[in-house]
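Structural features, examined
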Number of protein chains: 2
Amino acid sequence: MSGKRSISPATRERVERVIEELGYHPNSGAQALAGSRTNIIGLVVPFRPNIDMTVIAEFMAEIASRARARDYDILLVTADEGPAGLRRLVGRSLCDALILMEVGSEDDRIPVAKSLGVPVVLIGVPQDSEGLHCVDFDFQGAGETCVDELADLGHTEIALLAIDPESKKGQANFSVRFRRGVERAAQRRDVDIRALVMEPNHSDASRVIEQMLALDPPVTGLILQHSDAPDPVTAVLLEHGRTPGADIAVIGLCPDALAERLRVPMTTVQQQASEVCRRAMETLFRMLNHEIPTTGEVDLVPVSLVRRSSMNRAPAVNGYIHAIS
Amino acid sequence: MSGKRSISPATRERVERVIEELGYHPNSGAQALAGSRTNIIGLVVPFRPNIDMTVIAEFMAEIASRARARDYDILLVTADEGPAGLRRLVGRSLCDALILMEVGSEDDRIPVAKSLGVPVVLIGVPQDSEGLHCVDFDFQGAGETCVDELADLGHTEIALLAIDPESKKGQANFSVRFRRGVERAAQRRDVDIRALVMEPNHSDASRVIEQMLALDPPVTGLILQHSDAPDPVTAVLLEHGRTPGADIAVIGLCPDALAERLRVPMTTVQQQASEVCRRAMETLFRMLNHEIPTTGEVDLVPVSLVRRSSMNRAPAVNGYIHAIS
DNA sequence: CTGAAAGCGCTTACAG
DNA sequence: CTGAAAGCGCTTACAG
């Protein structure tokens, strides 16, 4: 018996010693059958191309270790099994609960996720999240923060080096949400945004930045959406004699490690994968323990701004100094 | 009954129809208990920092999909559970077989892997691989191929932009094996190699390449070991007026997609993750079907050279044209 | 080709 | 606090 009923210290110790000696491990299949719980969590991972596997892996690591901390294991399922995969997992009683990663706006797994009868947490925000527990970064807030930070420094002509929205068709909607945040804040702050689609490599950065430098009125602030953009963009700006933090203000979305090792360390909005995972796993375990119902709502992790050296005030224009809010 | 004994077409069809109608799924715990097989493969994944998760994810995707193709599922285990994790997996009968990724030279999981009593395949080549099935890229061959290709074009002064060997201490040994290949071939071809340790970002590439350009006798060929090096290195070379394929020959190790979208598409040795996974899974399934014993040997996937535009002949030196072998 | 018994190794209730 | 029965949903032999 494992922990369910009271036991005298004497026999407990005796049993524990024998377990140790014999190297006893309970048979998981028998436990699952008799106890009707598997102690396994199904993790549905997107292995499509065009997804940043570095961040997916960060999530997997965090989720797996949090699961083990509560004596759960992780069953890895690829997203391309689709809705039928989810049915199989719970139909065959392969797991007690599910986590779906990279859930898109119109995800065909949403309806079956709702009717599965086991706890489910989504990472991402679908259009119709009604009744589902969803956890994600607040990408819209991140976009707003970037614009606000630039506007606070007096910038009114801003370029957004954007992820191609076409490349993410039908996938996760974080780039759309970020951009929506940028646009809302731009309107609110009465600031100009020029969006330039860019691939995150040196030659495309070169192309796009030359385009940007030709713009009139001149751009003084830059928002980088793609997490691989900072290295090539910083390099190209320096090649053109524009030092981030002195000649042009740069802010964006990327891992801290990258931001810090740039020639000019970049101000970023932080995406804490661990915090998203912590919340997702916490609500999953609460559902498994029947502490909360299996229906839930959207839980957005607020962004936090990390100021480094890539931001500067907007230069005076025509002798007029921008009012700083 | 699923497939084990003969059955009349009539009843078969009747049963299949009912299965369909009722949405029947066999209970995996009961199957495991009664059949003493789980149809689950344990996959032990390294989530340490300093590992390229892009390639790890490529392996996971390939392994998971090949497993599903034979009706196996994947249990995800993090490498930091160590040897005890392996014992737990088979002790609790959570899986029928194991795959260990990123196995290092002196891996403390090796001895227990040998005594586990279930089929195991390692991805990587430990020092003591005796009796274990190991599959990996032939990194040594890759290193040799790079040097041979340069030497064939007449280059005798070659720089290796290398991964810091310290950063991989106690981890997988592929960078050591690549470098060993480079050194062996250099000796064999009587060619000079200067190794320069580099981090794969634009500013470190800049530092290292300036260092390289100052070398005497001048370097005419470049080997890139780090798969993230090609973009920044190509950029820095062009900044210094050296066009790969015209002024300097460049070859290296990186994904095809990256090599092809560079300003000068780069000649590379190809690392086919899918081929490594295919072989690993093939031998695993053969073991599971008792077609081969659970003891095995090292299986290295040969590299294949993909020529693109980054290579040129060595320039004539002092009026003397190098003899081409 | 088909039926029906035994048993896989546990957990859960039910007695003591 | 402890013992012993029943049963979880299958697979595997063993009969017919």
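Here the structure is a predicted model, which is why all the values come from computation and not from measurement. (Residues numbered from 1 in each chain as written. Chains lettered and ligands numbered in written order. Predicted model: local features only at pLDDT ≥ 70, side-chain atom pairs only at ≥ 80, totals over all residues. Heavy atoms only, no water.)

**Here's the deal with the overall build of chain A**
Per the secondary structure count, chain A includes 11 helices and 12 strands. When each of the 325 residues of chain A is scored for burial, the buried share is 51%. The long-range fraction of contacts in chain A, counting pairs at least 24 apart against all pairs at least 6 apart in sequence, stands at 73%. Total accessible area computed for chain A in this model is approximately 14800 Å², and 49% of it derives from carbon and sulfur atoms. The centroid of the 34 positive side-chain charges in chain A is displaced by 6 Å from the centroid of its 45 negative side-chain charges. (Helix = DSSP H or I, 4+ residues; strand = E, 2+ residues; numbered from the N terminus. Buried < 20%, exposed > 50% of the residue type's maximum accessible area, 1.4 Å probe, protein only. Contact = heavy atoms within 4.5 Å. Areas by Shrake-Rupley, 256 points an atom, 1.4 Å probe, with all protein chains shown as cover. Lys, Arg positive; Asp, Glu negative; His and termini not counted. Charge placed at Lys NZ, Arg CZ, Asp CG, Glu CD.)

**A look at a nonpolar patch on the surface**
Together, B:Val15, B:Val18, B:Ile19, B:Leu22 and B:Tyr24 line one region of the surface with nonpolar side chains, adding up to about 460 Å² of accessible area. Relative to the helices and strands, B:Val18 is located in helix H1 (residues 9–22). (Patch = residues over 30% accessible without salt bridge, like charges linked within 9 Å, V, L, I, M, F, W, Y side chains within 5 Å. Salt bridge = Lys/Arg side-chain N within 4 Å of Asp/Glu carboxyl O.)

**Remarks on the environment of B:Pro26**
On the secondary structure map, B:Pro26 appears in the loop between H1 and helix H2 (28–35). Judged by its relative accessible area of 23%, B:Pro26 falls in the partly exposed class.

**Observations regarding the interface of chain B and chain A**
Taken together, the 38 residues of chain B in the interface contact 38 residues of chain A. For the pair chain B and chain A, the two sides together bury roughly 3800 Å², of which 57% comes from carbon and sulfur. Of all residues in chain B, B:His25, B:Leu76 and B:Arg92 give up the largest surface area on contact with chain A, accounting jointly for 16% of the area buried on that side. The interface formed by chain B and chain A includes 4 salt bridges. (Buried area = accessible area lost by both parts, 1.4 Å probe.)

**Quick look at the domain arrangement of chain A**
Residue and element names in this part refer to chain A. Split into domains, chain A comes out as domain 1 (20–137 + 273–301) and domain 2 (139–271). Between the C-alpha centres of domain 1 and domain 2 the distance comes to 33 Å. Taken residue by residue, the interface counts 14 residues in domain 1 and 10 residues in domain 2. With both chains or domains summed, domain 1 and domain 2 bury close to 940 Å², and 39% of this area falls on carbon and sulfur atoms. Interface area lost by domain 1 to domain 2 is led by Asn50, Glu102 and Phe137, which between them contribute 48%. The interface formed by domain 1 and domain 2 holds 1 salt bridge in total. (Domains from an automatic or database assignment.)

**A look at the relation of the copies chain B and chain A**
The transform that puts chain B on chain A rotates by 180° and translates by 0.0 Å along the axis, for an RMSD of 0.1 Å. Expressed as an axis order, the relation between the two copies is that of a two-fold axis. A shared binding surface is used by both copies, with 100% of the interface residues of chain B retained as interface residues in chain A. (Least-squares fit on C-alpha atoms with pLDDT ≥ 70 in both.)

**Some thoughts on empty space enclosed by the protein**
Rolled over the atoms, a probe with the dimensions of a water molecule shows which regions are left empty. According to the stated counting rule, one finds 5 cavities of 30 Å³ or more in the structure shown. Looking at the largest cavity, its volume works out to about 160 Å³. Listing elements by their share of the lining of the largest cavity, those giving two or more residues are helix H2 (28–35) of chain A together with H2 of chain B. For the lining of the largest cavity, the residue count by class is 6 nonpolar, 8 polar and no charged. (1 Å grid on protein atoms, 1.4 Å probe; cavity = no way out; pocket = protein on both sides within 12 Å on 5 of 7 lines; lining within 4 Å. Points joined across faces, edges and corners; volume = space filled by probe spheres on them. Nonpolar A, V, L, I, M, F, W, Y, C, P; charged D, E, K, R; others polar.)

**Some details on the side chain of A:Asp204**
All names here are of chain A. Topologically, aspartate 204 is positioned in helix H8 (residues 202–213). Aspartate 204 gets classed as buried once you look at its relative accessible area, which sits at 13%. Contacts of aspartate 204, omitting those with residues within four sequence positions, involve Val197, Met198 and Glu199.

**Concerning the pairing of strand S8 (residues 221–224) of chain A**
Residues and elements named next belong to chain A. Every second residue of S8 is oriented toward a common face, with Gly221 and Ile223 on one face and Leu222 and Leu224 on the other, all of them buried. Strand direction decides the pairing type here: strand S6 (residues 157–162) and S8, joined by 4 bridges, are parallel. Bridge pairing in S8 places alanine 159 opposite leucine 222. In terms of handedness, the path from S8 via helix H9 (residues 230–239) over to strand S9 (residues 249–253) forms a crossover that is right-handed. (Pairing = 2+ DSSP bridges. Right-handed = clockwise from strand over helix to strand, strands pointing away.)

**A word on helix H6 (residues 139–152) of chain A**
Residues and elements named next belong to chain A. In this model H6 runs 20 Å from its N-terminal to its C-terminal C-alpha over 14 residues, within 8% of the 20 Å that 1.5 Å per residue would give. Burial of H6 is extensive: 11 of the 14 residues sit out of reach of the surface. Among all positions of H6, only Phe139, Gln140, Gly141, Ala142, Gly143, Cys146, Val147, Asp148, Glu149, Leu150 and Ala151 are buried. Positioned one or two residues after H6, glycine 154 has a phi angle of 95°, which is positive. (Expected span 1.5 Å × (residues − 1).)

**Structural notes on the packing of aromatic side chains**
All names here are of chain A. Under the criterion given, the structure shown has 8 aromatic pairs over all chains. Measuring from ring centre to ring centre gives 6.1 Å for phenylalanine 59 and phenylalanine 137, while their planes differ by 75°; the resulting arrangement is edge-to-face. Note that phenylalanine 59 is positioned in helix H3 (residues 53–69) and phenylalanine 137 in strand S5 (residues 133–137), a separation of 78 residues in sequence. Comparing phenylalanine 59 with phenylalanine 137, the two get one shared label, buried. Between phenylalanine 139 and phenylalanine 174, the ring centres sit 5.3 Å apart and the planes meet at 35°, which makes this aromatic pair tilted. On the criterion of sequence distance, the pair formed by phenylalanine 139 in helix H6 and phenylalanine 174 in helix H7 (residues 174–189) is long-range, its members being 35 residues apart. For phenylalanine 139, a relative accessible area of 6% translates into the label buried. An aromatic cluster of at least three residues, connected via ring pairs, comprises Phe59, Phe137, Phe139 and Phe174. (Phe/Tyr/Trp six-rings, centres within 6.5 Å; stacked < 30°, edge-to-face > 60°.)

**Quick look at the pattern of salt bridges**
Taken as a whole and judged by the stated rule, the model has 46 salt bridges over all chains. B:Arg88 serves as the salt-bridge partner of B:Glu81, at 3.3 Å between the closest nitrogen and oxygen. Neither B:Glu81 nor B:Arg88 differs from the other in exposure class; each is buried. With its nearest N and O atoms 2.8 Å apart, the salt bridge here joins B:Asp107 to B:Arg109. By the burial criterion, B:Asp107 is buried, and B:Arg109 matches it. Each of A:Arg68, A:Asp71, A:Asp73, B:Glu81 and B:Arg88 takes part in one network of salt bridges that share partners.

**Quick word on the nonpolar core**
Grouped together as the largest cluster of nonpolar side chains are 110 residues, with contacts concentrated most on A:Met60, A:Ile223, B:Met60 and B:Ile223. Membership of the second largest hydrophobic core comes to 44 residues, among which are A:Ile40, A:Ile110, B:Ile40 and B:Leu116. (Core = buried A, V, L, I, M, F, W, Y, C linked by side-chain atoms within 4.5 Å.)

**Details of the sheet that holds strand S4 (residues 120–124) of chain B**
Taken together, the 12 strands give an open sheet; going across it, the order is S11(A)-S5(A)-S4(A)-S3(A)-S1(A)-S2(A)-S2(B)-S1(B)-S3(B)-S4(B)-S5(B)-S11(B), and neighbouring strands pair in mixed fashion. Lying at the two open borders of the sheet, with one neighbouring strand each, are strand S11 (298–301) of chain A together with strand S11 (298–301) of chain B. In this sheet, neighbouring strand axes are inclined to one another by 25° on average, regardless of whether the strands run parallel or antiparallel. (Axes fitted to C-alpha atoms, helices over the stretch in contact; angles between N-to-C directions.)

**Some words on the sheet that holds strand S12 (residues 304–306) of chain B**
Paired through backbone hydrogen bonds, the strands of a sheet run either parallel or antiparallel to each other. Residue and element names in this part refer to chain B. If you trace the 6 strands from one edge of the open sheet to the other, you get S7-S6-S8-S9-S10-S12, paired in mixed fashion. Only two strands of the sheet have a single partner each, and these edge strands are strand S7 (192–197) and S12. The mean inter-strand angle of the sheet, taken between neighbouring strand axes irrespective of direction, is 20°. Two strands pair when backbone bridges link them, and strand S6 (residues 157–162) and S7 are joined in this way by 6 bridges, in the parallel orientation. Bridged to alanine 159 within S7 is arginine 194. Running at roughly 170° to strand S9 (residues 249–253), helix H6 (residues 139–152) makes contact with S6, S7, strand S8 (221–224), S9, strand S10 (267–270) and S12 of the sheet.

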